[in-house]
Amino acid sequence: WILNIITILDFNSLELKGKISKAFGSINTLKTLNLGNNSLSGEIPKELGNLINLEELNINDNKISGNIPIELNQLVELKKLDISNNLLSGDINNINIKSFTNIEEISAGNNYFEKRIPKQWTLYANVTVDKNNEPNNSKWYDEKLILIAIIILISFICCIYGIIHERNQHKKDRNKRKKLFDQAN
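About the thresholds
- The residue numbers shown here count from 1 along each chain, following its written sequence.
- This being a predicted model, a pLDDT of at least 70 is required before a residue's local features are given, and a value of 80 or more before pairs of side-chain atoms are given or counted; all residues contribute to the totals for chains, interfaces and linings.
- The side-chain figures draw on all heavy atoms in the structure; neither hydrogens nor water molecules are used.
- Note that patches include only residues with greater than 30% relative accessible area and no salt bridge, and the join distances are 9 Å for like charges and 5 Å for nonpolar side chains (Val, Leu, Ile, Met, Phe, Trp, Tyr).
- Computed with the Shrake-Rupley method and a 1.4 Å probe, the accessible areas treat only the protein chains shown as cover for residues.
- Salt bridges are counted wherever a side-chain nitrogen of Lys or Arg sits within 4 Å of a carboxyl oxygen of Asp or Glu.
- Secondary structure follows DSSP: runs of H or I at least 4 residues long count as helices, runs of E at least 2 residues long count as strands, and numbering of each begins at the N terminus.
- Residues are treated as being in contact if the distance between any of their heavy atoms lies within 4.5 Å.
- A 1.4 Å probe rolled over the protein chains alone gives each residue an accessible area, and that area as a share of the maximum for its type sets the label: buried under 20%, exposed over 50%, partly exposed in between.
- Charge counting follows a simple rule: Lys and Arg are positive, Asp and Glu are negative, and His as well as the terminal groups are ignored.
- Charged side chains are reduced to one point each, which is NZ for Lys, CZ for Arg, CG for Asp and CD for Glu.
- We define the nonpolar core as a collection of buried residues of types Ala, Val, Leu, Ile, Met, Phe, Trp, Tyr and Cys that are connected through side-chain atoms lying within 4.5 Å of one another.
- Two strands make a pair as long as DSSP finds a minimum of two bridges between them.

Undergrad: Explanation requested: a nonpolar patch on the surface in the structure shown.
TA: On the surface, Leu153, Phe156, Ile157, Ile160, Ile163 and Ile164 cluster together into a nonpolar patch covering about 560 Å² of accessible area. On the secondary structure map, Leu153 appears in helix α1 (residues 139–184).

Undergrad: So what exactly am I meant to see when it comes to the environment of Leu14 here?
TA: Tracing the chain through its elements places Leu14 in the loop between β1 (8–10) and β2 (17–19). Filtering out sequence-adjacent residues up to four positions away, Leu14 remains in contact with Asn37 and Asn38.

Undergrad: Which parts of the structure should I look at to understand the environment of Asn37?
TA: With respect to the helices and strands, Asn37 occurs in the loop between β3 (32–34) and β4 (39–42). Of the residues examined, Asn37 reaches a relative accessible area of 33% and is grouped as partly exposed. With 24 residues separating them along the chain, Asn37 and Asp61 place their C-alpha atoms 4.7 Å apart. Non-local contacts of Asn37, meaning those with residues more than four positions away in its chain, are made with Asn12, Ser13, Leu14, Asn60, Asp61 and Asn62.

Undergrad: Whenever I open this one, a positive patch on the surface confuses me. Can you help?
TA: Together, Arg167, Lys171, Arg174, Arg177 and Lys178 line one region of the surface with positive charge. Mapped onto the elements of the fold, Lys171 is located in helix α1. Here Lys171 falls in the partly exposed class, since its relative accessible area comes to 46%.

Undergrad: Hey, could you run me through the nonpolar core in this one?
TA: Leu33, Leu57 and Ile83 are the most contacted members of the largest nonpolar core, which totals 32 residues. Excluding its chain neighbours within four sequence positions, the residues that come into contact with Ile83 are Ile59, Asn60, Ile68, Leu88, Ile95, Ser107, Ala108, Asn111 and Phe113.

Undergrad: Honestly, the pairing of β4 in this entry has me stumped. Any pointers?
TA: Residues in a regular strand project their side chains so that they alternate between the two faces of the sheet. Residues of β4 alternate between two faces, with Leu40 and Gly42 buried on one and Ser39 and Ser41 left unburied on the opposite face. Note: β2 against β4, 3 bridges, orientation parallel. Bridged to Lys19 within β4 is Ser41. Sheet analysis places β4 next to strand β6 (residues 63–66), joined by 2 bridges and oriented parallel. Counted as the bridge partner of Ser41 is Lys63 from β6.

Undergrad: Sorry, what's going on with the pairing of strand β8 (residues 87–90) here?
TA: By the alternation rule, side chains of β8 split into Leu88 and Gly90, which are all buried, and Leu87 and Ser89, of which none is buried. Alignment of β6 against β8, held across 2 bridges, turns out to be parallel. The residue bridging Ser65 from the neighbouring strand is Leu87, located in β8. Inspection of the sheet shows β8 paired to strand β10 (residues 112–113) by 2 bridges, in the parallel sense. Its bridge partner lying in β10, Gly90 is registered against Phe113.

Structure below.
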């Protein structure tokens, strides 16, 4: 019964380690859950989607990884969501901004999402993202672009080499024909 009167849990900057407990999902009266600025790891438990009265969820500045569970879309009372500065990946579009009818602020930058944070989010909330709305200086994104550039460069060099080699071969063949012609005459 004690869990039915708790509305705020603030564990900000307490140097917590380990995973976010699934048990948080059973505190139905919770309006604020602040786990920011710790060393929490693992994935966001889908059970947090059971917190239908939650207005503020802060799990920023941790080592949270994996995808954002679609169950978070059940947090219809959510006003503030801060998942920034983690190791989150996958599709940022798992968050359906339209399901948060009261959303005011979302911070999702500095993660490893596969796609850009949708621009339409700014129609619904104050959205904080990385510069250029990129998915977190994403290492995988940068590495893929670099790899593509290298492949294009190598292809270009091979193409130029092929053209030069073909011209040289053509010159050699022409010189051979000329020699043979000169010898025949």
